[in-house]
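Breakdown of the fold
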Amino acid sequence: MSRWEDRGDIPRGTEYDDRWARMAARGESIHGEADLVASLVPPGGSVLDAGCGTGRVAIELARRGHDVVGIDLDPAMLDLARDKAPDKPWIQGDLASTVVFDAAGERRLFDAVIAAGNVMIFLERGTEAAVVANIAAHLRPGGVLVAGFQLSDGYMQLHVYDALAQRNGLELVARYSTWEGAPFDGGDYAVSVHRRAAATTHSGG
């Protein structure tokens, strides 16, 4: 069982969406995740929303012109995403093992993968390495993995996350304390940007 399923105190479904709606009604920014991804990937670029929930981030990125795919394990959250954006591809699956295929039946490679909403600390215990490996395998050369999560005892720690990313060919290029890009100060929340090395070409001689 994932820690997401194990936690009964976390808003889900319409309750989750209502919380963001109330924030927006108060004039608060609710699209920091999309803002950051959009600063890294131009419109038309492809984004895999890993742990997409009810689709808040993916739908906003699609509105801005990005080609998005959402994947989540929670069927109730995905039902709401489909209700809001039935024309978008929503996949129910485990981030540790689910493969997203392209039209040719090959593993699809994306310009960015985003894991917002504390996805990394809500994974089933012991699957963290498999999840990072699987989502990293969906990045094209030069693509970025953007993940934000709470830092607390008993959950994924930054040095562990960075080691998993490095093991899968990803290099840390930026780290913030908020989705709005505030410098990371060693606090209890981190947004990390890791990039897959760009493909190199070799000239003959």
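Our structure is the block above this text.
Residues numbered from 1 in each chain as written. Predicted model: local features only at pLDDT ≥ 70, side-chain atom pairs only at ≥ 80, totals over all residues. Heavy atoms only, no water.

Brief notes about the overall build of the protein
When helices and strands are tallied, the protein shows seven helices and seven strands. Helices and strands in the protein line up, N terminus first, as α-α-α-β-α-β-α-β-β-α-β-α-β-β. For the protein, the C-alpha radius of gyration of 17 Å lies close to 17 Å, the compact-globule estimate for 205 residues. By residue count, 49% of the 205 residues in the protein fall in the buried class. For the protein, restricting intrachain contacts to residue pairs at least 6 apart in sequence, the fraction spanning at least 24 positions comes to 65%. Summing over all exposed atoms, the protein offers an accessible surface of approximately 9,900 Å²; the carbon and sulfur share of this is 51%. Here the protein contributes 20 positive and 29 negative side-chain charges, whose respective centroids are spaced 2 Å apart. (Helix = DSSP H or I, 4+ residues; strand = E, 2+ residues; numbered from the N terminus. Rg over C-alpha atoms; globule rule 2.2 N^0.38 Å. Buried < 20%, exposed > 50% of the residue type's maximum accessible area, 1.4 Å probe, protein only. Contact = heavy atoms within 4.5 Å. Areas by Shrake-Rupley, 256 points an atom, 1.4 Å probe, with all protein chains shown as cover. Lys, Arg positive; Asp, Glu negative; His and termini not counted. Charge placed at Lys NZ, Arg CZ, Asp CG, Glu CD.)

Considering the packing of helix α6 (residues 128–136) against helix α7 (residues 158–167)
For any two helices packed against each other, one specifies the crossing angle of their axes together with the interaxial distance. The contact between α6 and α7 brings their axes to 9 Å, and the two run at 45°. In terms of axis orientation, α6 runs oblique to α7. Judged by the twist between their axes, the crossing of α6 over α7 is right-handed. Together, E128, A129 and V132 of α6 and Y161, L164, A165 and R167 of α7 make up the contact between the two elements. Class assignment of the residues belonging to the contact of α6 with α7 gives a composition of five nonpolar, no polar and two charged. (Axes fitted to C-alpha atoms, helices over the stretch in contact; angles between N-to-C directions. Parallel < 35°, antiparallel > 145°, perpendicular 65-115°, else oblique. Left-handed = near helix turned anticlockwise from the far one by under 90°. Nonpolar A, V, L, I, M, F, W, Y, C, P; charged D, E, K, R; others polar.)

Quick word on the nonpolar core
In globular proteins that are soluble, nonpolar side chains generally tend to be buried together. Grouped together as the largest cluster of nonpolar side chains are 30 residues, with contacts concentrated most on M120, F149 and Y161. Where this core is concerned, the elements lending two or more residues are β1 (46–50), β2 (67–72), β4 (110–115), α6, β5 (139–150) and α7. The residues contacting M120, other than those within four sequence positions of it, are A115, V132, I135, A147, F149, M156 and Y161. Formed by 25 residues, the second largest nonpolar core is a distinct cluster that contains A34, V47, I114 and V144. (Core = buried A, V, L, I, M, F, W, Y, C linked by side-chain atoms within 4.5 Å.)

Looking at the sheet that holds β2
Taken in spatial order, the seven strands of this open sheet run β3-β2-β1-β4-β5-β7-β6, and their pairing is mixed. Two strands in the sheet have a free side with no partner beyond their single neighbour: β3 (90–92) and β6 (170–176). Strand after strand, the sheet turns through a mean of 20° between neighbouring axes, direction not considered. Note that β5 and strand β7 (residues 189–196) share seven bridges and pair antiparallel. (Pairing = 2+ DSSP bridges.)

Some details on the side chain of R196
Structurally, R196 can be placed in strand β7. No salt bridge is formed by the buried R196, whose closest oppositely charged neighbour, D111, lies at an N-O distance of 11 Å. A distance of 2.6 Å separates a polar side-chain atom of R196 from the backbone oxygen of A136. Other than its neighbours up to four places away in sequence, R196 contacts A136, A137, L139, R140, P141, G142, G143, N168, G169 and L170. (Salt bridge = Lys/Arg side-chain N within 4 Å of Asp/Glu carboxyl O. Polar contact = N/O pair within 3.5 Å; in protein donor to acceptor, adjacent residues only side chain to side chain.)

Description of the pairing of β7
The buried fraction of β7 is high, at seven of eight residues. Both β6 and β7 contribute to a ladder of six bridges, which runs antiparallel. Residue L170 lies in a different strand from β7, and its bridge partner there is R196.

Examining the packing of helix α3 (residues 32–40) against helix α4 (residues 56–63)
Contact pair α3 / α4: the axes reach a minimum separation of 9 Å and the direction vectors enclose 45°. As far as their axial angle goes, α4 and α3 are oblique. Read as a crossing pair, α3 and α4 show a hand that is right-handed. Listed contacts from α4 to E33, A34, V37 and A38 of α3 are R56, V57, E60 and L61. The residue makeup of the contact of α3 with α4, split by class, is five nonpolar, no polar and three charged.

Note that every value here comes from positions in space, so none of it alone points to a role or purpose.
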